[in-house]
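Okay, here's what each chain looks like letter by letter:
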Amino acid sequence: MTTSPYREAGVPYDVHRSGRARYARIEVDADGVRVVVPERMPLRDVAPFVARKQRWIERTLRRYRQAETEAPSVRLEDGGTVPYLGEELTLRVRVEPGRVRAHVARRGQELRVAVGSGTRAAVREALERWYRREAREEVAWRLDAATNRAGTDYAGLSIRGQRTRWASCSSRGSMSFNWRLLLAPAEILDYVVEHEVAHLEVLGHSRRFWSLLERRYPEYRRHERWLRRYGSTLRL
């Protein structure tokens with residue numbers, strides 16, 4: 001995929017050429033607007049395509065900005081805070097020049113971070129590795145409990161950091177979850193686990209799938225709305 005910046009009056013966006021794209025599409029998130037187009041689509045056709053979607057783009061950007069103002073604050077510095085399954089943990093950052101491997105440990109409501117460099121990037125990298133480790137544990141016991149209740153089983157669990165997907169279930173029963181779900185309230189992670197466990201019986205989002213999910217998790221709509229509104233804020 002190749003990328004080129006493109007600026008039009010009103011809505012700034014980047015153009016991504018993709019050999020896998022069959023049609024042009026617009027992706028909007030908290031970081032901005034991207035237009036993904038097939039390799040052979042002329043650039044002159046991009047601006048009119050974006051113009052037709054401008055109201056939707058502006059409305060979506062406003063929603064993201066509003067969500068940002070309502071989201072818990074994240075400050076990656078000593079004394080700053082990060083969210084963890086609905087809790088707020090205070091960071092205690094210690095810079096140890098020469099340290100090669102960062103170390104992160106939780107002590108009560110504090111998250112103690114030892115890094116070789118006090119840059120925001122170094123702290124973020126150390127925290128992401130910690131969240132990934134924690135995610136495997138937090139997801140695994142929930143997944144085991146949910147599959148036991150459903151009378152099903154899964155083939156494996158992986159933790160990833162996708163931009164646009166919270167979790168997935170393959171046709172063979174392999175489960176994948178996004179570590180950033182730990183930045184959400186615990187009930188959101190609970191819901192996403194139940195959602196994927198339902199896919200062990202019904203792949204795809206058919207009426208049968210949503211009916212099954214509702215029987216098992218009647219409040220799923222509220223959590224779906226929460227993810228749509230605040231999902232973009234779940235980042236360090």
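The model shown is predicted, which means the values in this text are computed figures rather than measured ones. (Residues numbered from 1 in each chain as written. Predicted model: local features only at pLDDT ≥ 70, side-chain atom pairs only at ≥ 80, totals over all residues. Heavy atoms only, no water.)

Student: Please explain the pattern of salt bridges as it appears in this structure.
Tutor: Pairing of side chains with opposite charge becomes possible as their charged atoms draw close. Tallied over the full model, the rule gives 18 salt bridges. Between E128 and R132 there is a salt bridge, and its shortest N-O distance comes to 3.2 Å. Pair noted here: E128 and R132 are both in helix α3 (residues 120-150), with a separation of 4 residues, about one helical turn. In this structure, a network of salt bridges that share partners links the residues R25, E27 and R34. (Salt bridge = Lys/Arg side-chain N within 4 Å of Asp/Glu carboxyl O. Helix = DSSP H or I, 4+ residues; strand = E, 2+ residues; numbered from the N terminus.)

Student: In this structure, what is going on with the packing of aromatic side chains? I would like to understand it.
Tutor: Each aromatic ring pair is specified by the distance between its two centres and by the angle formed by the two planes. Following the criterion strictly, the structure yields 8 aromatic pairs and no others. Measuring from centroid to centroid gives 5.0 Å for F209 and W210, while their planes differ by 75 degrees, and the two rings are edge-to-face. The exposure class assigned to W210 is partly exposed, which follows from its relative accessible area of 24%. Within the aromatic cluster, the residues linked to one another by ring pairs are Y84, W130, Y131 and W179. (Phe/Tyr/Trp six-rings, centres within 6.5 Å; stacked < 30°, edge-to-face > 60°. Buried < 20%, exposed > 50% of the residue type's maximum accessible area, 1.4 Å probe, protein only.)

Student: When you look at the sheet that holds strand β6 (residues 87-95) in this model, what are you seeing that I'm missing?
Tutor: Two pairing modes exist for strands in a sheet, parallel and antiparallel, and in both the strands are linked by backbone hydrogen bonds. In spatial order, the strands read β5-β6-β8-β7; together these 4 strands make up an open sheet with mixed pairing. Only two strands of the sheet have a single neighbouring strand rather than two, namely β5 (81-84) and β7 (103-107). Going across the sheet, the axis of each strand differs from the next one's by a mean of 30 degrees, ignoring polarity. Of the strand pairs in this sheet, β6 and strand β8 (residues 110-115) are connected by 6 bridges, and their pairing is parallel. Each bridged residue has a counterpart across the sheet, and for L91 the counterpart in β8 is L111. (Pairing = 2+ DSSP bridges. Axes fitted to C-alpha atoms, helices over the stretch in contact; angles between N-to-C directions.)

Student: What exactly am I supposed to notice about the sheet that holds strand β11 (residues 174-178) here?
Tutor: Read across the open sheet, the 3 strands follow the order β9-β11-β10; overall the sheet is mixed. Every other strand in the sheet has two partners, leaving β9 (156-160) and β10 (167-169) as the edge strands with one partner each. Going from strand to strand, the sheet's axes swing by 15 degrees on average, the running direction of each strand aside. Bridging between β10 and β11 involves 3 bridges; their strand directions are antiparallel. Looking across to β11, one finds that A167 is bridged to F177. Packed onto the sheet, α3 meets β9 and β11 and runs at close to 145 degrees relative to β9. (Contact = heavy atoms within 4.5 Å.)

Student: Would you mind showing me how to read the nonpolar core here?
Tutor: Soluble globular proteins tend to bury their nonpolar side chains together. V82, L127, Y131 and F177 are the most contacted members of the largest nonpolar core, which totals 49 residues. Residues within four places of Y131 in sequence aside, it is in contact with V82, P83, Y84, W179, L182, L183 and L236. Counting 16 residues, the second largest nonpolar core, distinct from the first, contains V11, V15, V28 and V35. (Core = buried A, V, L, I, M, F, W, Y, C linked by side-chain atoms within 4.5 Å.)

Student: How should I be thinking about the packing of helix α4 (residues 186-199) against helix α6 (residues 220-230) in this particular structure?
Tutor: A packed helix pair is summarised by two numbers, namely the angle formed by the two axes and the spacing between the axes. Contact pair α4 / α6: the axes reach a minimum separation of 10 Å and the direction vectors enclose 110 degrees. Between α4 and α6, the angle falls in the class roughly perpendicular. Crossing geometry of α4 relative to α6 is assigned as left-handed. Note on element contacts: α6 touches α4 through Y220, R222, H223, E224, W226 and L227, opposite E187, I188, Y191, V192 and H195. Residues of the contact of α4 with α6, tallied by class, amount to 6 nonpolar, 2 polar and 3 charged. (Parallel < 35°, antiparallel > 145°, perpendicular 65-115°, else oblique. Left-handed = near helix turned anticlockwise from the far one by under 90°. Nonpolar A, V, L, I, M, F, W, Y, C, P; charged D, E, K, R; others polar.)

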